[in-house]
Amino acid sequence: MAGNDWLNSYLEAIIDSGPNVGDAQSSLLLRERGYFSPTRYFVEEVITGFDESDLHRSWAQASATRSPQERNTRLENMCWRIWNLARKNKQLEGEEAQRVAKRRSDHERGRREVTADMSEDLSEGEKGDTLGELPATAENVKGRMRRVGSIDVMENWAAQQKEKKLYIVLISLHGLIRGENMELGRDSDTGGQVKYVVELARALGTMPGVYRVDLLTRQVSARDVDGSYGEPTEMLHPVKSENPAHEIGESSGSYIIRIPFGPKDQYISKELLWPHIPEFVDGALVHIIQTSKVLGEQIGYGQPVWPIAIHGHYADAGESAALLSGALNVPMLFTGHSLGRDKLEQLLKQGRQSNEEINATYKIMRRIEAEELTLDASEVVITSTRQEIEQQWSLYNGFDPVIERKLRARFRRDVSCLGRSMPRMIIIPPGMEFHHIAPQDGDMDGEIEGSGVDPSSPDLPIWAEIMRFFTNPRKPMILALARADPKKNITTLVKAFGECRPLRELANLTLIMGNRDDIDEMSSTNASVLVSILKLIDKYDMYGQVAYPKHHKQSEVPEIYRLAAKTKGVFINPAFIEPFGLTLIEAAAHGLPIVATKNGGPVDIHRVLDNGLLVDPHDQQSLANALLKLVADKQLWGRCRQNGLKNIHLFSWPEHCKTYLARIACCKQRHPEWQKPDDGYESSGSDSPGGSVSDIQDISLNLKLSLGDEKNEGSGAVDNYLDSGENAIDGKGKLENAVSMGTPKAASTYNSEHHVGNSKSSALRKRKYFFVIAVDGDGTSDFLESIKKIVETVRQDKSIGSMGFILSTSLAMSEIHSLLVSGGLSHSDFDAFICNSGAELYYPSATSEDGTHRLPFLLDSDYHPHIEYRWGGEHLRKTLLRWAASTSDEKGEGPIVSEDKSGSTTHCYVLKVEKPELIPSIKEVRKSMRIQALRCHVIYCQNGNKLNFIPVLASRSQALRYLHIRWGIDLSHIVVFVGEHGDTDYEGLLGGVHKTVILKGVGGGVDKHHAHRNYPLKDVVQFDSPNITQVEGCNSNTIMSSLGKLGILKT
């Protein structure tokens, strides 16, 4: 391949050894296969399509071999190795082609099914919609966007926002994040994303209407990193700016909040963070609740100020934001930065690794599933370019541009979307800080000494470091700033420069390729690129014309741009594909015209700035011509420079934040439903992290008696409920008023013993430990025995203190009641019942059974509004019934699944699996729902005999977080008992700050469906966590032993 000079030498070596290959002395390997021409094979199969750095090492060994026979054997074996690798490459390409064809077929089928449901003709509305709404053309920019530097414009905008006092939460987990002296490039996790999120948080904190911004990340206290990363809180001081708009509005500022999770004394890569995500979510939940309470006291008139949005950055933070959004019932935003499916596609195209090898290295399937969840949960997905939407997000099951346009058209016309939803894709280019930039005019002639370019000058050492390479430092500088990575295409740039004599006579070339001490210490890929560049410099004898300094500081990058601008130079980004191109904006801000790849984000940047030329990165001649045109034509250079400086404000952080906040304002605002805006709120003074919300009001105000008929839930029950006791007179009207207003004053008027009341809510908060029984299976007798054994054993030890029990299961409430009655257990033995896989939440009622229809349980009616985000309701049910009716075995002898009406509720649709051996895997069912834009959480339960469809952000683990928020239950004082296997939501119960006891050999599971998961369970759960213990069986000894290991029992 181009750039690998050793291939030519290798080919020559093969040709030299050619006569020996077919003679009688050739090895048995060739004699068994007949005549083989390594020369022809190498030319036809290798040079044009293969590149392996380890082959170079083998060639070097072969070249150094003195014996012709040994050398011939080495070359022969190497050829066969190449053949095997090429064959594997073709096999991988074939598999990838099949995957792409299947994905296309699945999406087309999904579109047809959605279109069939949406029979109304909205073609005119759909024609008017396009993906993303940031001005993407010069016409739109001129017509709709005014310069942010205009004081009157900013003052008018600020006046409209000044009454708002918003709390925004940003999340970015991996890498090392701090506000000052960022160590960008320290490793692959500490790069552009770190700079982006810090500057976004800082910029948002200065915007009118924003009171506080929290950037949540990981606390790292490892010895090999600076101690600043272990500080729990760091304030982001606003940058100095002459723009008065930055001083308008009230703000408590922006903060980096570091949440401890994962190994306490280790800095680990992002690929290893996945099992620790639940621990972060629990820690972040505590922080947000505490902060909301504090802000409520400052600006909320005693009411908690919940975040207006939670914004996740990258897949790991996206999953975290989705879980927090569901737990708190607040809107979520997401920015991908880079996407797993796109990376997987690129790696598979290279043909060097199989899907399994890629997943083992990058945990890519775990990442992709997290990104699919973010599409389920996000109201807005922020992208940098149109290419990201059309070519990257369209690879996902959860996003289809065609369906998205149809849904948006229906929404605008106030037409039902039939339970379907799609996140809104918005293009908002990253912002940039311009406070330190002062573009200067003037030539280098006569200014070198006066401007600090003298190599002996101590003021600008980076200038001296670059200038020492050049014979004539006054020539215009062509600047490239990129890693020594094959994707950045630097070798093509060097070849274009070397082979264009007029360009070399007019300009110098500066390559800023990161920092290095020794090429041998670089990664093999980066070292290979750098060595190729050095060889090209030598080949074309470009000494004195090309600079490639070994070191530079991040703070010196602006000075590098300024030096290039003073020489009337050009900035170039020749990458094969550039997702966005932040360096292009930085260059334009310093007055540098640009030459950039036409693939990806630079197209959108150029459309707005119009400050340079776009080229095909594969066309070497086109690249050289573009550079020569800008360097030689001073009028064109000046026009591009002025265009860039004139329009660069469109990429400023204030402009970015204005669009950002406008999008947040369009989201439907949600918050915990039991806390109304006009509630009277009094702090309980509890030390619990959730104390700020646990005392809001009496639980009885928002609980209704559950009857057998879900449709009449709360009607007759409430009437009878109020007819007893001293408050029966006019009680119904008062209760309705209390439920709607939620005031503590109204709550105090209800003291009937039928109410859960203050005594119950107080009891929940005073429990020292809660024991959650979540042993899954289809045998009710085994489940019942586990319940009885756990309750009896734990109650025997009085040293535990006050304790409560919670039952967590996929069963419906009526099934749980029958189970308890059959086992002689009382409903009052439990504090809460998490039913239908987390779709329902009940509490025991003091009301005794008085007939066949009344159940002694209270439904938490606040819970349903809390979890029903994007719930498809009856439309989803109709789709599921059609799907069930369409399923049948190969013989057509009946459906594979059927509706289970008795187990279904308004927020959980249950399908009975008639033929488990024929049912699709869980990932296939989830994919089918996502392709049709139906957002739900699909769970195989009861050993795969039932399929539960519940709201997308509901689960048994999320129900525990709801109890934490609602009643202030300390998550670290919860012990969850699970079996060795479980339902397909089993993994969610294992991670987090709570304790988990795995009862090996107990309960059932859906192993055959777990076997079809996209990633291994170890990518989700850290089994060696001190919060997880495993014991054999479920008996008194093993239960007590597990509690001792977890530190629950005193020893």
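Residues numbered from 1 in each chain as written. Predicted model: local features only at pLDDT ≥ 70, side-chain atom pairs only at ≥ 80, totals over all residues. Heavy atoms only, no water.

Let's talk about the overall build of the protein chain
Secondary structure summary: the protein chain contains 39 helices and 27 strands in total. Looking at the protein chain as a whole, 59% of its 1051 residues qualify as buried. Residue pairs in contact within the protein chain that sit at least 24 positions apart in sequence constitute 73% of those at least 6 positions apart. As displayed, the protein chain offers around 43000 Å² of accessible surface, 48% of which is attributable to carbon and sulfur atoms. (Helix = DSSP H or I, 4+ residues; strand = E, 2+ residues; numbered from the N terminus. Buried < 20%, exposed > 50% of the residue type's maximum accessible area, 1.4 Å probe, protein only. Contact = heavy atoms within 4.5 Å. Areas by Shrake-Rupley, 256 points an atom, 1.4 Å probe, with all protein chains shown as cover.)

What to know about the side chain of Arg 103
Within the element layout of this structure, Arg 103 appears in helix H5 (residues 68-117). For Arg 103, a relative accessible area of 18% puts it in the buried group. Among residues more than four places away in sequence, those in contact with Arg 103 are Glu 345 and Leu 395.

Notes on the packing of aromatic side chains
Overall, the coordinates contain 14 aromatic pairs when judged by the stated rule. Judged by centre distance (5.0 Å) and plane angle (50°), the ring pair of Trp 393 and Tyr 396 falls under tilted. Accessibility classification places Trp 393 together with Tyr 396 in one group, the buried group. Plain terms: the ring middles of Tyr 843 and Trp 967 are 6.4 Å apart, the flat faces sit at 90° to each other, and that makes the pair edge-to-face. Of this pair, Tyr 843 sits in strand E19 (residues 840-844) while Trp 967 sits in helix H37 (residues 956-967), and the two are 124 residues apart along the sequence. Three or more aromatic residues joined by ring pairs make a cluster, and in this case those are Tyr 769, Phe 771, Phe 805 and Phe 977. Geometry around Tyr 1015 places Arg 366 over its ring, the cationic atom sitting 5.4 Å from the centre. (Phe/Tyr/Trp six-rings, centres within 6.5 Å; stacked < 30°, edge-to-face > 60°. Lys NZ or Arg CZ within 6 Å of the ring centre and 35° of its normal.)

Some thoughts on empty space enclosed by the protein
Empty space among the atoms becomes visible once a probe the size of a water molecule is rolled across them. What the rule picks out here adds up to 10 cavities of 30 Å³ or more. Approximately 70 Å³ is the volume found for the second largest cavity. Along its surface, the second largest cavity is lined by Lys 270, Glu 271, Trp 274, Tyr 314, Asp 316, Lys 343, Tyr 362, Lys 363 and Arg 367. Classifying every residue of the lining of the second largest cavity by side-chain character gives three nonpolar, no polar and six charged. (1 Å grid on protein atoms, 1.4 Å probe; cavity = no way out; pocket = protein on both sides within 12 Å on 5 of 7 lines; lining within 4 Å. Points joined across faces, edges and corners; volume = space filled by probe spheres on them. Nonpolar A, V, L, I, M, F, W, Y, C, P; charged D, E, K, R; others polar.)

Some thoughts on the environment of Arg 483
Its place among the elements puts Arg 483 in the loop between strand E9 (477-481) and helix H18 (490-499). Separated by 28 residues in the primary sequence, Arg 483 and Leu 511 place their C-alpha atoms 9.5 Å from one another. The residues contacting Arg 483, other than those within four sequence positions of it, are Lys 488 and Ile 490.

Section: the pairing of strand E12 (residues 570-573)
Residues Val 570 and Ile 572 line one face of E12 and the alternating positions Phe 571 and Asn 573 line the opposite face, and both faces are buried. Sheet analysis places E9 next to E12, joined by two bridges and oriented parallel. By the bridge assignment, Leu 479 is partnered in E12 with Phe 571. Strand direction decides the pairing type here: E12 and strand E13 (residues 594-597), joined by three bridges, are parallel. From the neighbouring strand, Phe 571 faces E13, where its bridge partner is Ile 594. Of the crossover connections in this fold, the one passing from E12 over helix H22 (residues 582-589) to the parallel E13 is right-handed. (Pairing = 2+ DSSP bridges. Right-handed = clockwise from strand over helix to strand, strands pointing away.)

Focus: a negative patch on the surface
A contiguous patch of negative charge, built from Asp 517, Asp 518, Asp 520 and Glu 521, is present on the exposed surface. Note that Asp 520 resides in the loop between strand E10 (508-512) and helix H20 (524-539). On the basis of relative accessibility, which here comes to 72%, the residue Asp 520 falls in the exposed class. (Patch = residues over 30% accessible without salt bridge, like charges linked within 9 Å, V, L, I, M, F, W, Y side chains within 5 Å. Salt bridge = Lys/Arg side-chain N within 4 Å of Asp/Glu carboxyl O. Lys, Arg positive; Asp, Glu negative; His and termini not counted. Charge placed at Lys NZ, Arg CZ, Asp CG, Glu CD.)

Quick look at the confidence of the model for the protein chain
For the protein chain, mean pLDDT is 79; residues scoring 70 or higher make up 73% of the total. Mean pLDDT in the protein chain bottoms out at helix H27 (residues 691-694), which sits at 30, and peaks at strand E5 (residues 309-313), which reaches 98. Within the model, pLDDT remains below 50 along residues 47-53, and this stretch shows 16 contacts once partners closer than five positions in the same chain are excluded. Within the model, the stretch residues 442-458 combines pLDDT values under 50 with 24 contacts to residues more than four positions away or in other chains. (pLDDT = per-residue confidence, 0-100.)

Focus: the packing of helix H11 (residues 314-328) against H37
Look at H11 against H37: their axes get within 9 Å of each other, and the N-to-C directions meet at 55°. Classified by the interaxial angle, the pair formed by H11 and H37 is oblique. When the axes of H11 and H37 are compared, the crossing they make is right-handed. Along the contact surface, H11 presents Leu 323, Gly 326, Ala 327 and Leu 328, while H37 presents Gln 958, Arg 961 and Ile 965. (Axes fitted to C-alpha atoms, helices over the stretch in contact; angles between N-to-C directions. Parallel < 35°, antiparallel > 145°, perpendicular 65-115°, else oblique. Left-handed = near helix turned anticlockwise from the far one by under 90°.)

Focus on the sheet that holds strand E21 (residues 897-899)
A sheet is described by the order of its strands in space; here four strands give the open sequence E21-E22-E24-E23, paired in antiparallel fashion. Two strands lie at the open edges of the sheet, namely E21 and strand E23 (936-941), each paired on one side alone. With strand direction ignored, the average angle separating the axes of adjacent strands in the sheet is 25°. Seen against the sheet, helix H36 (residues 922-931) touches E23 and strand E24 (946-951) and runs at an angle of roughly 155° to E23.

So, H18
In terms of burial, H18 is largely enclosed, as seven of its 10 residues are buried. Regarding H18, the residues found buried are Ile 490, Thr 492, Leu 493, Val 494, Ala 496, Phe 497 and Gly 498.

Brief notes about unusual backbone geometry
In this structure, Asn 181 is a non-glycine residue whose phi angle is positive, near 50°. You can see Asn 181 is positioned in the loop between strand E1 (166-171) and helix H9 (192-205). Backbone geometry at Asp 541 places phi at a positive 50°, although glycine is not the residue there. Note that Asp 541 resides in the loop between H20 and strand E11 (546-547).

Considering the pattern of salt bridges
One pass over the structure, following the stated rule, counts 40 salt bridges. Arg 367 is paired through a salt bridge with Glu 371; the nearest N and O atoms lie 3.3 Å apart. Here Glu 371 and Arg 367 lie together in helix H14 (residues 364-377), a separation of four residues that amounts to about one turn. The class for Glu 371 is buried, based on a relative accessible area of 0%. Between Asp 604 and Arg 607 there is a salt bridge, with the nearest N and O atoms lying 2.9 Å from each other. One end of the pair is Asp 604 and the other is Arg 607, both in helix H23 (residues 602-609) and three residues apart, which spans about a single turn.

Some words on the packing of helix H32 (residues 780-796) against helix H39 (residues 1036-1045)
At their nearest, the axes of H32 and H39 sit 10 Å apart, and the two run at 60° to each other. In this view, H32 runs oblique relative to H39, as classed from their interaxial angle. In terms of crossing hand, the pair formed by H32 and H39 is right-handed. Taken together, the residues of H39 that come into contact with H32 (itself represented by Lys 789, Ile 790, Thr 793 and Val 794) are Ser 1036, Ile 1039, Met 1040 and Leu 1043. Partitioning the contact of H32 with H39 into residue classes produces five nonpolar, two polar and one charged.

A word on the environment of Gln 620
Here Gln 620 is to be found in helix H24 (residues 620-632). On the basis of relative accessibility, which here comes to 23%, the residue Gln 620 falls in the partly exposed class. Separated by 123 residues in the primary sequence, Gln 620 and Phe 497 have C-alpha atoms spaced 9.1 Å apart. For Gln 620, the contacting residues outside a window of four places in its chain are Thr 492, Lys 495, Ala 496 and Glu 499. Only 2.6 Å separates the side chain of Gln 620 from the side chain of Glu 499, close enough to count as a polar contact. (Polar contact = N/O pair within 3.5 Å; in protein donor to acceptor, adjacent residues only side chain to side chain.)

Observations regarding the nonpolar core
Note on soluble globular proteins: their nonpolar side chains tend to be buried together. Grouped together as the largest cluster of nonpolar side chains are 105 residues, with contacts concentrated most on Ile 171, Phe 280, Ile 310, Leu 324, Trp 393 and Leu 963. In contact with Leu 324, other than residues within four places in its own chain, are Ile 171, Phe 280, Val 281, Ala 284, Leu 285, Ile 288, Ile 310 and Asn 329. Ranked by size, the runner-up nonpolar core spans 71 residues in total, among them Trp 463, Ile 478, Met 542 and Trp 637. (Core = buried A, V, L, I, M, F, W, Y, C linked by side-chain atoms within 4.5 Å.)

Section: the sheet that holds E12
Strand order across the open sheet formed by six strands is E11-E10-E9-E12-E13-E14, with parallel pairing between neighbours. Looking at which strands have only one partner, the edges of the open sheet turn out to be E11 and strand E14 (612-615). Alignment of E10 against E11, held across two bridges, turns out to be parallel. Bridged to Leu 509 within E11 is Val 546. Its contacts with the sheet place H18 against E9, E10, E11 and E12, and it is angled at close to 165° to E10.

Section: helix H33 (residues 813-822)
Those residues of H33 lying buried are Met 813, Ile 816, His 817, Leu 819 and Leu 820. All buried residues of H33 project into a common sector of 165° when viewed along the axis, lining one side. Away from its buried face by more than 90 degrees, H33 exposes Val 821 and Ser 822. After H33 finishes, the residue Gly 824 shows a positive phi value of roughly 75°. (Arc of directions from axis to C-beta.)

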